[in-house]
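# Coordinate analysis (summary)
As a plain string of letters, each chain reads:
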Amino acid sequence: MENTFTDLSHINVRGGDGGAGCMSFRREAFVPKGGPDGGDGGRGGDVIVEADPQLSSLIDYRYKHHFRAERGTHGQGARRHGRDGEDLVLRVPVGTVVRELDPQTQTPSYDIADLTQPGERVVVAPGGAGGRGNIHFVTSVRRAPAFAEKGEPAREHWIELEMKLMADAALVGMPSVGKSSIIARISAARPKVADYPFTTLVPNLGVARAANGQSFVAADVPGLIEGASEGRGLGHQFLRHIERTALILHVVDVTGGYEGRDAVEDYEVINDELASYAAELAARPQIVVANKCDLPGAEDAVRRLREVAERDGHQLFAVSAATGAGLDALVSSCAAEIARLRAEAAPGAPVVDLSERWERERECRDRQIRIVREERHAWRATGAQIERMVIQTDWENDEAVSYLQHRFARCGLDDALAKAGAVTGDEVRILELAFTYEGKDAAPDYDELPDEDDTLSDGEVE
């Protein structure tokens, strides 16, 4: 049967494009000179990632990688605004980390959100703003603006979804030490159990309950081998699932298995791999589980392993997954330790809305302007905000182009060019277009034009 567990996916997301604003004038009987009445375009839908407790894998994103929200519709005359596009909600398991990917290398650039609570959500691809109709550009000196804005195109980018199991305790150890047998004994989980290495190919979750009613979630992680932190074996693919656990249950086969390994050496190899993968795992609370202690000749290995574990400050339990010996005491101790760790880690601050936080960070990045000299008298200006202004401008309309000059001056582009060393007459390139720089003090005076957040009433044409 094909493996349906997926814990890492790269997907391409794009919000809906904004609808175009309308350039229109009121024309009706007995009103020969009606004022502008062009409606705004609708906003494009957002792409939202939401944590769903009913999901346990990212399998929905294994074969489909492109997701698009609905675009907004165009504005119309008579102040009829376009309809906003529908949002697209992508549901992921609780414990999913969302990261931005570098467009060139496809490697993670920064974290967008860590969805650790059911229902937690974040907007990963905001929809484009709808273009404003010509009713927004009325001033005391411009009574009949004959231009409107185009809709804002939505940004398209790749993100990474990485699922990390939300377990309280993780069973780690060499292959075939009995991790799956233990989790099957202490919970209702039914993982595959066999007498050969790498039987477990995906993590298994189970809920263990102590005699006093305390419970915790345990994860059975595929077996690790020496070099796992560098990519050897199968378990390295699932080391991420150990990062969230409060307690590590380090399972050691005291018989040495078919290979006759030394229990103490196995214990030290796994601890070295955990520390190599993430330094903080070395300090994570750990309980050592000496499994298969019912077999002949195990006493000496248990004794030596106990000495090393206690030297490292770890408690050791000698158990047998086959007979159940020692498992009740292990579960009770784990439940008490996890309850203590939960109490220490109780959140003391209210949860911040992830969408608002990420949107603030995105807007801050959008406002940044980068100036690079490409030739002696040619400059390249980049930045999400100024590029969006260029795209929203109707280049066949002189009034719209003049208004763009005003917006450039207000957003700081002229100042940035002057600071970089541009002089009057230099060429300024934005996207595929080129402009002539006239100096920061030569920009036309459009103080009577509205800014982005200005709200002005329309008037009649005199």
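Residues numbered from 1 in each chain as written. Predicted model: local features only at pLDDT ≥ 70, side-chain atom pairs only at ≥ 80, totals over all residues. Heavy atoms only, no water.

Our focus in this paragraph is the overall build of the protein chain. Within the protein chain one finds eight helices and 18 strands. For the protein chain, with 462 residues in total, the buried portion stands at 48%. For the protein chain, the proportion of contacts with a sequence separation of at least 24, taken over those separated by at least 6, is 73%. Of the roughly 22,600 Å² that the protein chain leaves accessible, carbon and sulfur atoms contribute 49%. (Helix = DSSP H or I, 4+ residues; strand = E, 2+ residues; numbered from the N terminus. Buried < 20%, exposed > 50% of the residue type's maximum accessible area, 1.4 Å probe, protein only. Contact = heavy atoms within 4.5 Å. Areas by Shrake-Rupley, 256 points an atom, 1.4 Å probe, with all protein chains shown as cover.)

Notably, Ala78 is not glycine yet its phi reads approximately 60°, a positive angle. Position of Ala78 relative to the elements: it lies in the loop between strand 3 (66-68) and strand 4 (88-93). One non-glycine residue, Arg79, lies in the positive phi region at around 60°. Examined against the element boundaries, Arg79 turns out to sit in the loop between strand 3 and strand 4.

A few words now on the sheet that holds strand 9 (residues 169-172). An order of 10-11-9-12-13-14 is seen for the six strands of this open sheet, with the pairing classed as mixed. Only two strands of the sheet have a single neighbouring strand rather than two, namely strand 10 (204-209) and strand 14 (315-318). This sheet shows a mean twist of 25° between the axes of neighbouring strands, independent of strand direction. In terms of strand pairing, strand 13 (residues 286-291) meets strand 14 through four bridges, oriented parallel. Residue pairing for strand 14: Val289 is matched across the bridge by Phe317. Contacting strand 9, strand 12 (247-253) and strand 13, helix 2 (residues 263-277) crosses the sheet at an angle of about 145° to strand 12. Here helix 3 (residues 298-311) sits on the sheet and contacts strand 12, strand 13 and strand 14; the angle it forms with strand 14, its principal contact strand, is near 160°. (Pairing = 2+ DSSP bridges. Axes fitted to C-alpha atoms, helices over the stretch in contact; angles between N-to-C directions.)

A few words on the sheet that holds strand 7 (residues 121-125). Whether parallel or antiparallel, the strands of a sheet pair through hydrogen bonds between backbone atoms. Within the open sheet, the three strands sit side by side as 4-2-7. Their pairing is mixed. The sheet is open, and its two borders are formed by strand 4 and strand 7, each paired with just one other strand. Strand-to-strand twist in this sheet, taken as the mean axis angle between neighbours without regard to direction, amounts to 30°. Two elements, strand 2 (residues 47-52) and strand 7, share four bridges in a ladder whose sense is antiparallel. Directly across from Val47, in strand 7, lies its bridge partner Ala125.

Time to look at helix 4 (residues 327-344). Under the 1.5 Å per step criterion, the end-to-end length of helix 4 is 26 Å for 18 residues, consistent within 8% with the ideal 26 Å. Within helix 4 the residues assigned to the buried category are Leu327, Leu330, Val331, Ser333, Cys334, Ala335, Ile338 and Leu341. (Expected span 1.5 Å × (residues − 1).)

This part covers the pattern of salt bridges. Summed over the entire model, instances satisfying the criterion amount to 26 salt bridges. In this structure, Arg388 engages Glu152 in a salt bridge whose closest nitrogen and oxygen atoms are separated by 3.2 Å. Of the two residues, Arg388 is situated in helix 6 (residues 384-392) and Glu152 in the loop between strand 7 and strand 8 (156-163); the sequence distance between them amounts to 236 residues. With a shortest N-O distance of 2.7 Å, Arg429 and Glu374 are connected by a salt bridge. (Salt bridge = Lys/Arg side-chain N within 4 Å of Asp/Glu carboxyl O.)

Within the secondary structure, Thr245 is located in the loop between strand 11 (215-220) and strand 12. With a relative accessible area of 1%, Thr245 lands in the buried category.

Moving on, we get to the side chain of Thr96. Turning to its location among the elements, Thr96 is positioned in strand 5 (residues 96-101). A polar contact is formed between the side chain of Thr96 and the backbone oxygen of Pro93, at a distance of 2.7 Å. The residues contacting Thr96, other than those within four sequence positions of it, are Leu58, Ala113, Asp114, Leu115, Leu161, Glu162, Met163 and Arg244. (Polar contact = N/O pair within 3.5 Å; in protein donor to acceptor, adjacent residues only side chain to side chain.)

We describe a pair of aromatic rings using the distance from one ring centre to the other and the angle between the two ring planes. Inspection of the entire model under this criterion finds six aromatic pairs. Ring geometry for Phe137 and Tyr403: centres 5.2 Å apart, planes at 70°, overall edge-to-face. Here Phe137 is found in the loop between strand 7 and strand 8, whereas its partner Tyr403 is found in helix 7 (residues 398-411), with 266 residues between them in sequence. In this structure, Phe137 and Tyr403 share a single accessibility class: buried. Taken together through their ring pairs, the aromatic side chains of Phe137, Phe147 and Tyr403 make up a single cluster. (Phe/Tyr/Trp six-rings, centres within 6.5 Å; stacked < 30°, edge-to-face > 60°.)

All right, on to the pairing of strand 9 then. What you see with strand 9 is no split at all: Ala169 and Leu171 on one side and Ala170 and Val172 on the other are buried throughout. Two elements, strand 9 and strand 11, share three bridges in a ladder whose sense is parallel. In the sheet register, Ala170 faces strand 11, and the bridge partner there is Ala219. Strand direction decides the pairing type here: strand 9 and strand 12, joined by four bridges, are parallel. Looking at the pairing, Ala169 lines up with Leu247 of strand 12.

Turning to the nonpolar core, a few remarks are in order. In terms of nonpolar packing, the biggest core is built from 36 residues, with Ile182, Phe216, Ile242, Leu247, Leu249 and Leu330 touching the most fellow members. Listed by contribution, the elements that provide at least two residues to this core are strand 9, helix 1 (179-186), strand 11, strand 12, helix 2, strand 13 and helix 4. Counting residues per element, this core draws most heavily on helix 4, at seven residues. If we skip the residues at most four places from it in the chain, Ile242 touches Ala170, Val172, Val221, Ile248, Leu274, Leu281 and Arg284. (Core = buried A, V, L, I, M, F, W, Y, C linked by side-chain atoms within 4.5 Å.)

With that settled, consider the confidence of the model for the protein chain. Atom-level detail of predicted coordinates should not be read off regions where pLDDT is low. With 82% of its residues at a pLDDT of at least 70, the protein chain reaches an overall mean of 80. Averaged pLDDT values for the elements of the protein chain fall to 71 in helix 5 (residues 354-366) and rise to 96 in strand 3. Per-residue pLDDT stays below 50 along residues 228-235; that stretch engages in 17 contacts with residues further than four places along the chain or on separate chains. (pLDDT = per-residue confidence, 0-100.)

This part takes up the packing of helix 6 against helix 7. Where helix 6 contacts helix 7, the two axes come as close as 11 Å, and the packing angle between them is 170°. Put simply, helix 6 runs roughly antiparallel to helix 7. Here Gln385, Ile386, Met389, Val390 and Gln392 of helix 6 lie close against helix 7, whose contacting residues are Leu404, Arg407, Phe408 and Cys411. Partitioning the contact of helix 6 with helix 7 into residue classes produces six nonpolar, two polar and one charged. (Parallel < 35°, antiparallel > 145°, perpendicular 65-115°, else oblique. Nonpolar A, V, L, I, M, F, W, Y, C, P; charged D, E, K, R; others polar.)

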